[in-house]
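Observations on the model geometry
This is what each chain is made of:
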Amino acid sequence: MIGRMGKFRALFLLGSLALILSGCGKENLTALVPKGYGSEASMNLIILTTVVMSFVFLAVIIPLVIVLLRFREKKGQEDFIPKQVEGNQTLETVWTVIPIILVIIMAVPTVIATFDLADTSEASEHININVTGNQYWWHFDYEDDGVQTSQDLYIPAGERVYLNMIAADVTHSFWVPTISGKLDVNPENVNTLYIEAYEEGVYWGKCAEFCGPSHSLMDFKVIVVSPEEYEQWLADMGNVNPDEVPGDAVAAEGKELFEEKSCMGCHAIGDSPGQVGPNLTNFGNRTTIAGILDPTKENLVDWIMDPESIKPGNLMTGKYPDLSDDEADKIAEYLLQLKETDVTPESAGN
Amino acid sequence: MSLAATQKKGFGAFLWDYLTTVDHKKIAHLYLAGGGFFFLLGGIEAVIIRIQLIKPENDFISAGLYNEMITMHGTTMIFLAAMPILLGLMNAAMPLQIGARDVAFPFLNSLGFWLFMFGGILLNLSWFLDGAPDAGWTSYAALAMDSPGHGVDFYVAGLQIAGAGTLMGGINFLVTVVTMRAPGMTYMRMPLFTWATFITSVLILFAFPALTINLFLLMFDRMFGTAFFDVSLGGNTIIWQHLFWIFGHPEVYILILPLFGLFSDVFSTFSRKRLFGYTAMVFATMLIAFLGFMVWAHHMFTVGLGPVANSIFAVATMAIAVPTGIKIFNWLATMWGGSVKINAAMLWALGFIPSFTIGGMTGVMLGSAVADFQYHDTYFVVAHFHYVIVGGTVFGIFCGLHYWWPLLFGKILNETMGKLTFWTFFIGFHLTFFIQHFLGLMGMPRRYWVFLENQGLDLGNLISTIGAFFMSFAVIVFLINIVHTAVKGEKAPADPWDGRTLEWATESSPPPYYNFKQLPLTRGLDPLWIEKTEGKGHMTPAEPLGDVHMPNGSFLPFLMSLGFFVAGLGFIYQTDEKLWYIALYGGMAFALLMMIIRSVKDDHGYYIKKEEFEREAE
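Residues numbered from 1 in each chain as written. Chains lettered and ligands numbered in written order. Predicted model: local features only at pLDDT ≥ 70, side-chain atom pairs only at ≥ 80, totals over all residues.

**Notes on the overall build of chain A**
Scanning chain A from terminus to terminus reveals eight helices and 10 strands. Expected size for 350 residues packed as a compact globule is a radius of gyration near 20 Å; at 27 Å, chain A overshoots this value by more than 25%. With the C-alpha coordinates of chain A rotated into their principal frame, the extents come out at 95 × 45 × 35 Å. Out of the 350 residues in chain A, the part that is buried amounts to 44%. For chain A, the share of sequence-separated contacts (at least 6 apart) that also reach a separation of at least 24 residues comes to 71%. (Helix = DSSP H or I, 4+ residues; strand = E, 2+ residues; numbered from the N terminus. Rg over C-alpha atoms; globule rule 2.2 N^0.38 Å. Buried ≥ 20, exposed ≤ 12 C-beta atoms within 10 Å, placed from the backbone. Contact = placed C-beta atoms within 7 Å.)

Printed below as a string of structure tokens:
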């Protein structure tokens, strides 16, 4: 018996060790350290239900252990016939009524929180952003302010932001674990999710509904800045001139190639017409390339030359003529110089 | 056929026997072999998935292949492994438990198996033809419509054919329990496994049609140009989700309730005690089955159904914990005060209690809609349903195999290897899946081909993969055990476990093909135990020795299923090439012809004469 318990203990220790080593996960990605209204509401219920359920677990495990210690078949008594008990009404009533009470304890706060998080009646008094999920990137449209961008979503700290979400192709799901639980992004209807981030910071966002080969690479960021910085960012982003020729000669050539090689047909800068691919306004300040790579020029050239090897099944592959390394290099230079504002991910404090 | 004819046979005769058999015990063998094969296939797919996730940004397999792996792992394990193995166990034990000589419709029983087998083969042919389906086992419509190639078409056709077989199995078991119980075997004297089979069959009867309809809608959309799910033409993909889960949630109970029944029998047998609270156990099973139809939308909390729907489904979901809790405490009370014998079968049953309890706990936690906004579609959910399906269904299947191996094959599985299998599997299972609860909450969504570096997910995934190797080892030991037992195992007595129920009251292990010469008279719950403790030690016959009516074997079920299989290929490929309509109509016509032959040809079965029994007894 001791040997068996030892195995349980080893298992438990290994599990706890793993937890301690990895902590509660990566900051600003994990749901276990909530920093937003939605994630906090979820966390409260996670804690409540875990506590109640741990009690139930003990109520099962303790009798089980006692059975294993006390009621094993004894040597020499293999013929022993125990008393044949049919049941016990009192006991059975107890283990019916107590679970009902426990369920009520969990159900009431669940229902309250469910109605609270679904209440979008005050949406018109707050910031509204239209979100479109695409195979494998996110489009953000600040309709009221005439600003469009992709992949990096800027919002002010401490304010409610209403996201009106729809999918352009298949079903996606918008999830920023540290700020809010997820809501599906369906192709047939607009779903509204409100989020409120308590602290400035750069938060990981993920697609949580299986959407194809690059589902796991559909990351995005939510960049939470102060309300003043947010206003500044909106103003700067609303002032972009897509026709502005960069001062740098290489970048200027890159801009010509960007137009010539039909990049512009899909990718808008500012309010230029291309709407098929991600809007590249302010690309030089993005936290990532294609949602997953570090924003270096080398990575950008790799991406332009062979997007399929980085994001399988993406819709950019094969949509433009072959480029030489030199041409890709110039386009990358142009894109990385697209910096429209001083409000950057660094402004978010970390 | 006479008794003597069933003796020594060549391999050809052996094969022909299994291709044409309508004997529920042999069909059980077929289900276990077929389901076991697909279980190994699904297991290999699982190991490939875990190897891909052993480290961040791994490139062991490509994104496309990974999606095929997860889709086929889920689909195979649910439809082609767990379900058929359960149908196999039901076939093996249920007719005996009610004292019957076979199921109500032996021909239908065989047809159900062959439809399942041909459906499973059709689905897996996709690996060699156009690539496997890659839209997940849930095959959500928007992605399924978007999926290129024929992968999803194979999913549709394969599951449609296999699903028809399962539906037949369910109807057959329902009728069997209603009409074939031996004298004295009233409903409230049936063993819990029989009760669970009965209630599960009701679930199959009401749940599978939703899947059938859904698969038809998807088939029409993908192959014949309709637009049920095509949003640009006014379709709606949420319909798929509703229909899928109206089937899918009861399906979870189809997978677990039979094992609840089995565990009730096993705890009772190996504690040498009557099941505690029998009546409560029966009604708890019914209540779980009923509530199982009321909770499907908890799979859809994040779809945006609104707070009213979410609240109703949240509370209904939590309510299922109550009857489930009743069952767990009744099992504990059954063992309490008993003389608990721990062998391999009992180990699986004991291991089930903490494992399944954790799965149930996380189930309630998932039922809390707002908490689910974080859990949904993450590894937390992956952990939860593996705790339920592995910790419940797979543990139960292993338990059932060890318990009923004598009934199935006349030998007892090696105990030492059985215990080794249990401990390595048990440890591997918890290593693999416990940490996944945390991975999910740490921000790892499910169905991720890779997880990125520097996101705090490395260690958890590594531990999880190591656990998967332990489970693989356990399964290999089990396979060795099967071979070892077949070659070296000793012949088991008719009642090796000091059993309580009628499947142990036949004259030998495995039982003769007619099961009972004379149907037994049941005098109460645990009829064999009653006779052993208060009676003559064996069942009293409820009828005089007489002629026994037996069904004839038939090759028609195999041929009918073959026809549907060919038609399935025709459906899939007619979109490329009109010539395939020949296969489509040809296959259908062939199946129809076989049905007509079945209908017009008189087949009254045969009788084992009373004199033959008497001659044999001399």
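Back to the text.
**Side note on the overall build of chain B**
When you go through chain B residue by residue, the secondary structure sums to 20 helices and two strands. Since a compact globule built from 618 residues should have a radius of gyration of about 25 Å, the 24 Å found for chain B is in line with a globular shape. C-alpha extents for chain B along the principal axes are approximately 75 × 65 × 50 Å. Expressed as a percentage of contacts within chain B between residues at least 6 apart in sequence, the contacts between residues at least 24 apart total 81%.

**Focus on the sheet that holds strand 8 (residues 191–195) of chain A**
Sheet strands pair via backbone hydrogen bonds, and the direction of the pair is either parallel or antiparallel. All names here are of chain A. Overall, mixed pairing links the five strands, which are arranged 3-2-1-5-8 in an open sheet. The sheet is open, and its two edges are formed by strand 3 (147–150) and strand 8, each paired on a single side. Shown here is a sheet whose adjacent strand axes are inclined to one another by a mean of 25°, direction ignored. Pairing geometry for strand 5 (residues 161–167) and strand 8, over five bridges, is antiparallel. (Pairing = 2+ DSSP bridges. Axes fitted to C-alpha atoms, helices over the stretch in contact; angles between N-to-C directions.)

**With respect to the sheet that holds strand 4 (residues 152–156) of chain A**
Residue and element names in this part refer to chain A. Taken together, the five strands give an open sheet; going across it, the order is 4-10-9-6-7, and neighbouring strands pair in mixed fashion. A single partner strand is all that each edge strand has here, and the edge strands are strand 4 and strand 7 (180–185). Averaged over all pairs of adjacent strands, the angle between strand axes in this sheet comes to 25°, irrespective of strand direction. Inspection of the sheet shows strand 4 paired to strand 10 (residues 220–225) by five bridges, in the parallel sense. Bridging from a neighbouring strand, D152 pairs with K221 of strand 10. Contacts from helix 4 (residues 227–237) reach strand 4 and strand 10 within the one sheet, and its direction differs from that of strand 4 by about 130°.

**Examining the interface of chain A and chain B**
If you look at the interface, chain A gives 84 residues, while chain B gives 80 residues. Secondary structure elements with two or more residues in the side of chain A that touches chain B: helix 1 (2–22), helix 2 (37–70), helix 3 (89–118), strand 6 (172–176), strand 7 and strand 9 (201–207) of chain A. The biggest single contributor to the side of chain A that touches chain B is helix 3 of chain A, with 16 residues.

**Topic: the packing of helix 14 (residues 379–409) of chain B against helix 15 (residues 415–441) of chain B**
Residue and element names in this part refer to chain B. Interaxial distance between helix 14 and helix 15 falls to 7 Å at its minimum, and their mutual angle equals 165°. Between helix 14 and helix 15, the angle falls in the class roughly antiparallel. In terms of crossing hand, the pair formed by helix 14 and helix 15 is left-handed. Where helix 14 abuts helix 15, its residues Y379, F380, V381, V382, A383, H386, Y387, V390, G391 and H402 lie against G418, F429, F433, F434, Q436, H437, L439, G440 and L441. (Parallel < 35°, antiparallel > 145°, perpendicular 65-115°, else oblique. Left-handed = near helix turned anticlockwise from the far one by under 90°.)

**Things to note about the nonpolar core**
Residue and element names in this part refer to chain B. Among the nonpolar cores identified, the biggest contains 302 residues, and F263, V266, A349 and C399 are the most heavily contacted of them. Considering each element in turn, this core owes the most residues, 21 residues, to helix 3 (residues 63–97). Those residues in contact with V266 that lie beyond four places of it in its chain are A345, M346, A349, C399 and Y403. (Core = buried A, V, L, I, M, F, W, Y, C linked by C-beta atoms within 7 Å.)

**Side note on the environment of G586 of chain B**
Residues and elements named next belong to chain B. Structurally, G586 can be placed in helix 19 (residues 581–600). Accessibility expressed as a C-beta count within 10 Å gives 15 for G586, which makes it partly exposed. A sequence separation of 70 residues divides G586 from F516, and the C-alpha atoms of the two residues are 43 Å apart.

**Here's the deal with helix 3 of chain B**
Residues three or four positions apart in an α-helix share a direction because the helix packs 3.6 residues into each turn. Residue and element names in this part refer to chain B. Along its 35 residues, helix 3 runs 48 Å from first to last C-alpha, staying within 8% of the 51 Å computed at 1.5 Å per residue. At M77, helix 3 shows its strongest bend, of approximately 40°. Burial within helix 3 is extensive, with 32 of its 35 residues counted as buried. Backbone geometry just downstream of helix 3 places G99 in the positive-phi region, at approximately 75°. (Expected span 1.5 Å × (residues − 1). Bend = angle between axes of the 7 residues up to and from the residue.)

**Section: the confidence of the model for chain B**
The share of residues in chain B with pLDDT of 70 or more is 99%, and the mean pLDDT across the chain is 95. Counted against residues more than four places away or in other chains, residues 1–6 of chain B, with its pLDDT under 50, gives five contacts. (pLDDT = per-residue confidence, 0-100.)

**Comments concerning the pairing of strand 10 of chain A**
Residue and element names in this part refer to chain A. Of all six residues making up strand 10, six are buried, and the element is well covered by its neighbours. The alternating pattern of strand 10 places F220, V222 and V224 on one face and K221, I223 and V225 on the opposite face, and all of these are buried. By the bridge criterion, five bridges tie strand 9 to strand 10 in an arrangement that is antiparallel. Residue pairing in the sheet places G201 in a bridge with V224 of strand 10.

**Considering unusual backbone geometry**
The omega torsion of the bond from Q135 of chain A to Y136 of chain A falls at 5°, within 30 degrees of zero and hence cis. Assignment of secondary structure puts Y136 of chain A in the loop between strand 1 (127–134) and strand 2 (137–142). The residue after S509 of chain B, namely P510 of chain B, is reached through a cis peptide bond having omega -10°. Positionally, P510 of chain B belongs in the loop between helix 16 (458–488) and helix 17 (527–534). Of note in the backbone geometry, S262 of chain A takes a positive phi value of approximately 65° without being a glycine. Overall, the presence of 13 C-beta atoms within 10 Å leaves S262 of chain A in the partly exposed class. For D377 of chain B, which is not a glycine, the phi torsion comes out positive at approximately 55°. Along the polypeptide, D377 of chain B turns up in the loop between helix 13 (369–375) and helix 14.

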